[in-house]
Amino acid sequence: MDPLVAFCRHGAAELVGLEAALEALGALRDLLDAVPARVALFSADRRHRYVNRPYREFLELPAERILGRSVEDILGPELFRALKPFGDRALAGESVEAEGWFFYPGRGRRYTRRVYTPIRGSGRGFDGFVAFIEDMTVRRLAEDTLRASETLKSAAIDGALDSIIAIDADGTILEFNPAAERTFGQWRTEMIGRRFAEAVLPPDQRLAYHAELARFRTDGAHDLVGRRTEIEAVRADGRRFPVDLTLTDALIGGRRVFTAHLRDISERKRSERELAEVAYHDAVTGLANRQRLLRAISDAMAKSQPVTVVLVEIDRFANLRSTFGHGFADDLLIGLARGLSAGIEPGGLLARVDQHVFALLLLGTDDPAAVDATVEAITASVRDAVSSSGATVFLSASIGIATVTADHRRSEEILRDAEIAAGRARDSGGGCSVRFDREMYRSVIERVRSEHDLRRALASEGELWLAYQPIVEMVTGRLAGFEALARWHHVERGLIPPSGFVPIAEEAGLIVPLGRWVVARACAQLAAWQSQREPGAAPLFMSINLSPRQLEDAGCVEGVRREIFEAGIDPAWVKLEITEGALIRKPEESIATLQRLKDLGVGLSIDDFGTGYSSLSYLHRLPVDSVKIDRSFVTALNHSEENRAIVRVIVDLGRLFGYDVIAEGIETAEDCNLLRALACDYGQGYYFARPLPAEAALSLVRGDLPWQTALADDDEE
Ligand code: C2E
Ligand code: MG
Ligand code: MG
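These numbers come from a predicted model, not from an experiment.

### Some words on the packing of helix H16 (residues 326-342) against helix H17 (residues 368-383)
Right, on to step 1. At a minimum axis distance of 9 Å, the contact between H16 and H17 shows a crossing angle of 150 degrees. It follows that H16 is roughly antiparallel to H17 by the angle criterion. Two packed elements cross with a definite hand, and for H16 against H17 that hand is right-handed. Between H16, through Leu336, Gly339 and Leu340, and H17, the contact on the second element is made entirely by Ile378, Ser381 and Val382.

So, in structure tokens, the structure goes:
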């Protein structure tokens, strides 16, 4: 007990009479003036008889203005009323202790602890009392603030929607708030003391957590602290759910305490998924779309599952769409989707990844036999496809197959490979399947590079040039004309034959400018040569190859007309060679274009005759004036009875329809003689000359024909 309080309580209680009490207090004056409490002595009529310095200072009055005056006088009637009961009790002989808020006029609310000690009188009653008043307002307020903030904090934790779990550095749960009780379906009392990982994490996530904890213990590093991470938590009933976890740490009483805030994000995840449903679906067929497929592939790759993608590209679908309309095409796609989905194994996924391209994802197997079976089923399903409106169409597909290997980093790469393989299948005519291999990728890369280089070549001078191969009149051995054959002198790769760049030009949409350049160049060359011919020599013709794509170009006829006009030559000197392939895709349109070319006055010839779908039914409708027998029938004529028969038929056919017949690929004197015997009109081949640069061909133009002596010798025999 405080010695002063002891004094006030006991010391004062032993005094008898007011004067003795005053004397005692007077002796203690210095001490009492120094104590942090107000001390006063009151007589039975409640007048101040002694006050210490703090008392005076509190009232801001000198002693003479206080002593002798009553409490009511000094403190006002209200405070007097509040304090009177204490005085009454003291004067009745009771030692009173009290604590509470009192309102002091001019000083506001004060919290005071008060001790009243009665002073015995010489008779039976009491002479007065000593009041000891300790002002505790500041301390009391601080306690209140603390209590308030504690209350606030626990209200926030208890009322929080997030689960809040306090854990010590060993992972033992120290606190578990009501939200956590609701979320995890566990009671706080049961959870406190358990290990965090075991209590709220599913078994497969515990290991990672423990590793984190171990890392923290050894080097103080903690990846989770201060960061938001998405993890999975587990409820008491074993149900797993996704949570956002934020971990904060603090030192409390020298102990490190972590606070885990866990927010159940199942709802958010669900709406994300629903959004994804929309974003990941193809509106026409209801199948997954490309994005979804890529995701599924990534997921499988992340789990190191075997992944095979079977890409199904419907052949000639664009034609179908333009012939039958979009509505029908969509119906057909829906029908196809239905048919293809029927064969999906569990765990597989069917997606529509492009206009008329589906992709089937096969998971968990890379067994070639299983894949082959799937491909077979797909082929059958495509062949038997029925539009959703019930119409049957005969379809085929170019199918590309790619299996994930260690080389694949991203899901796009595997889809790309399947696309490359499907492209191969398409290039070889469709209706088949091709399995991807690395070589294909390399050739695609090669192709992309070539395309780039070809653009550069077209824009520059000198990389592209024309070789000219003479065409000879078989009976006389006269030079009848040349075929212009494109050549590319690549700066790094050297000389590239047309087979190395014409297909690239066709695919890259460069064939039109390339073809235009060939026509211009060949016509200009012909113009130059005609003037260098011997006087009286018959004019030469120039054969120029047109690719099918060129023929489809709307500006084709006008382009040819213009170049011939610019070169200032007779259109009749120009012979355009087209292959039968040019007529297959759009026969009617192609025939119309040929007619318009014919109307320009140029000659038309069918190249590589006999290799395509030569159909007599349309041959006579074509406005052509010559056919060129393909090299494959011409070579080794003397060894092959069959080839001789074919050549004879073509020559007869030509005669019947009134065409000139040209034989290409004549390599030997025997071939040449046989063709002459078969009455073939013109010939071309290494036997006469290889394709030559313009300068080398000039001597031929001037009439120096090295093959003529040989022909003349043969004639004499
Ligand atoms: P093509 O029009 O049938 O040309 C004849 C091809 O046979 C040429 O090959 C020629 O060099 C080759 N050849 C000629 N005589 C013989 C011979 O006796 N034996 C052998 N083994 N081959 C012979 P090249 O120059 O490689 O051209 C290949 C094809 O490229 C041409 O076949 C033609 O379809 C196409 N082509 C060439 N130049 C152009 C062009 O400017 N535009 C277009 N669109 N295609 C072209
Ligand atoms: Mg040709
Ligand atoms: Mg040919």
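Resuming the write-up.
### So, the pairing of strand E4 (residues 108-120)
Right, on to step 1. As paired elements, strand E3 (residues 96-104) and E4 share 9 bridges and run antiparallel to each other. Bridged to Glu97 within E4 is Val115.
Right, on to step 2. Joining the antiparallel neighbours E3 and E4 is a turn of 3 residues, in which Gly106 adopts a positive phi near 85 degrees.
Right, on to step 3. Direction of pairing for E4 relative to strand E5 (residues 126-135): antiparallel, over a ladder of 9 bridges. Directly across from Arg113, in E5, lies its bridge partner Glu134.

### Quick look at the coordination of the magnesium ion (ligand 2)
Right, on to step 1. Taken together, the protein ligands of the magnesium ion (ligand 2) are Glu483 (OE), Asn545 (OD1), Glu577 (OE) and Asp607 (OD), with distances of 2.0 to 2.2 Å.
Right, on to step 2. Site description for the magnesium ion (ligand 2): donor spacing in sequence, E-x61-N-x31-E-x29-D.
Right, on to step 3. In this structure the magnesium ion (ligand 3) is found 4.3 Å away from the magnesium ion (ligand 2), and Asp607 serves as a bridging donor for the pair. Remark: Asn545 occurs in strand E20 (residues 541-545) and Glu483 occurs in strand E18 (residues 479-490); sequence separation between them is 62 residues.

### A word on the pairing of E18
Right, on to step 1. Within E18, 11 of the 12 residues are buried, which leaves the element mostly enclosed by the surrounding structure.
Right, on to step 2. Where strand E17 (residues 464-473) meets E18, 9 bridges bridge the pair, whose relative direction is antiparallel. Along E18, the bridge assignment pairs Leu464 with Trp488.
Right, on to step 3. Counting the residues in the hairpin turn of E17 and E18 gives 5 residues, including Gly477, whose phi is positive at 80 degrees.
Right, on to step 4. Alignment of E18 against E20, held across 4 bridges, turns out to be parallel.

### Quick notes on the packing of aromatic side chains
Right, on to step 1. On inspection of all chains with the given rule, the structure shows 17 aromatic pairs.
Right, on to step 2. Their ring planes at 80 degrees and their centres at 5.6 Å tell us that Phe688 and Trp707 sit as a pair that is edge-to-face. In this pair, Phe688 is assigned in the loop between strand E25 (682-684) and strand E26 (692-693) and Trp707 in helix H31 (residues 707-716), connecting sequence segments 19 residues apart. Here Phe688 matches Trp707 in class, with each residue buried.
Right, on to step 3. An aromatic cluster is built from Phe42, Phe86, Phe102, Tyr116 and Phe129, whose rings are joined through pairwise contacts.
Right, on to step 4. One Lys or Arg, Lys575, reaches over the ring of Phe541 and ends 5.0 Å from the middle of that ring.

### A word on the environment of Met440
Right, on to step 1. Looking at where Met440 falls in the secondary structure, it is placed in helix H19 (residues 438-459).
Right, on to step 2. The spatial distance from the C-alpha of Met440 to the C-alpha of Gly654 is 42 Å, given a sequence separation of 214 residues.
Right, on to step 3. Other than its neighbours up to four places away in sequence, Met440 contacts Ile420, Ala421, Arg424, Val434 and Arg435.

### A word on the coordination of the magnesium ion (ligand 3)
Right, on to step 1. Here the magnesium ion (ligand 3) is held by Asp607 (OD), Asp608 (OD), Glu664 (OE) and Glu664 (OE), and the distances to it run 2.0 to 2.7 Å.
Right, on to step 2. Along the chain, the residues donating to the magnesium ion (ligand 3) are arranged with the sequence spacing D-D-x55-E.

### Considering the packing of helix H15 (residues 317-324) against H16
If you want to describe how two helices pack, look at the angle between their axes and the distance between the axes.
Right, on to step 1. Remark: H15 packs on H16, axes separated minimally by 6 Å, with the N-to-C direction vectors making an angle of 135 degrees. Here H15 is positioned oblique relative to H16, judged by the angle of their axes. Residues Phe317, Leu320, Arg321 and Phe324 of H15 pack against His326, Phe328, Ala329, Asp330, Leu332 and Leu333 of H16.

### Comments concerning the environment of Leu79
Right, on to step 1. Tracing the chain through its elements places Leu79 in helix H7 (residues 77-91).
Right, on to step 2. Classification of Leu79 as buried rests on a relative accessible area of 3%.
Right, on to step 3. The residues touching Leu79, leaving out its near neighbours within four places in the chain, are Phe102, Phe103, Tyr104 and Pro105.

### Observations regarding a negative patch on the surface
Right, on to step 1. The grouping of Asp366, Asp367, Asp372 and Glu376 at the surface amounts to a negative patch.
Right, on to step 2. Mapped onto the fold, Asp367 is located in the loop between strand E14 (357-363) and H17.
Right, on to step 3. Residue classification places Asp367 among the partly exposed residues on the basis of a relative accessible area of 38%.

### Let's talk about the domain arrangement of the chain
Right, on to step 1. Taken domain by domain, the chain holds domain 1 (3-142), domain 2 (160-268), domain 3 (281-436) and domain 4 (451-716).
Right, on to step 2. Summarising the inter-unit geometry, the C-alpha centres of domain 1 and domain 4 are found 132 Å apart.

### Topic: the state of the cysteines
Right, on to step 1. Tallied over the entire structure, the rule returns 0 disulfides.
Right, on to step 2. No disulfide involves Cys672; its sulfur sits 9.6 Å from that of Cys680, the nearest cysteine.
Right, on to step 3. On the basis of relative accessible area, Cys672 is assigned to the buried category, the value being 0%.

### Considerations on empty space enclosed by the protein
To find leftover empty space, a probe the size of one water molecule is rolled over the atoms.
Right, on to step 1. This structure, assessed with the given rule, holds 2 cavities of 30 Å³ or more.
Right, on to step 2. There is about 180 Å³ of room inside the largest cavity.
Right, on to step 3. If you go around the largest cavity, you meet 17 residues; those closest to its centre are Phe42, Val71, Leu75, Leu83 and Tyr116.
Right, on to step 4. Listing elements by their share of the lining of the largest cavity, those giving two or more residues are strand E1 (38-43), helix H4 (53-59), helix H6 (71-75), H7, E4 and E5.
Right, on to step 5. Grouping the constituent residues of the lining of the largest cavity by class yields 12 nonpolar, 1 polar and 4 charged.

The rules we used
- Residues numbered from 1 in each chain as written.
- Chains lettered and ligands numbered in written order.
- Predicted model: local features only at pLDDT ≥ 70, side-chain atom pairs only at ≥ 80, totals over all residues.
- Heavy atoms only, no water.
- Axes fitted to C-alpha atoms, helices over the stretch in contact; angles between N-to-C directions.
- Helix = DSSP H or I, 4+ residues; strand = E, 2+ residues; numbered from the N terminus.
- Parallel < 35°, antiparallel > 145°, perpendicular 65-115°, else oblique.
- Left-handed = near helix turned anticlockwise from the far one by under 90°.
- Contact = heavy atoms within 4.5 Å.
- Pairing = 2+ DSSP bridges.
- Donors = N, O, S within 2.8 Å, 3.2 Å for Na, K, Ca; no water.
- Buried < 20%, exposed > 50% of the residue type's maximum accessible area, 1.4 Å probe, protein only.
- Phe/Tyr/Trp six-rings, centres within 6.5 Å; stacked < 30°, edge-to-face > 60°.
- Lys NZ or Arg CZ within 6 Å of the ring centre and 35° of its normal.
- Patch = residues over 30% accessible without salt bridge, like charges linked within 9 Å, V, L, I, M, F, W, Y side chains within 5 Å.
- Areas by Shrake-Rupley, 256 points an atom, 1.4 Å probe, with all protein chains shown as cover.
- Salt bridge = Lys/Arg side-chain N within 4 Å of Asp/Glu carboxyl O.
- Lys, Arg positive; Asp, Glu negative; His and termini not counted.
- Charge placed at Lys NZ, Arg CZ, Asp CG, Glu CD.
- Domains from an automatic or database assignment.
- Disulfide = S-S within 2.5 Å.
- 1 Å grid on protein atoms, 1.4 Å probe; cavity = no way out; pocket = protein on both sides within 12 Å on 5 of 7 lines; lining within 4 Å.
- Points joined across faces, edges and corners; volume = space filled by probe spheres on them.
- Nonpolar A, V, L, I, M, F, W, Y, C, P; charged D, E, K, R; others polar.

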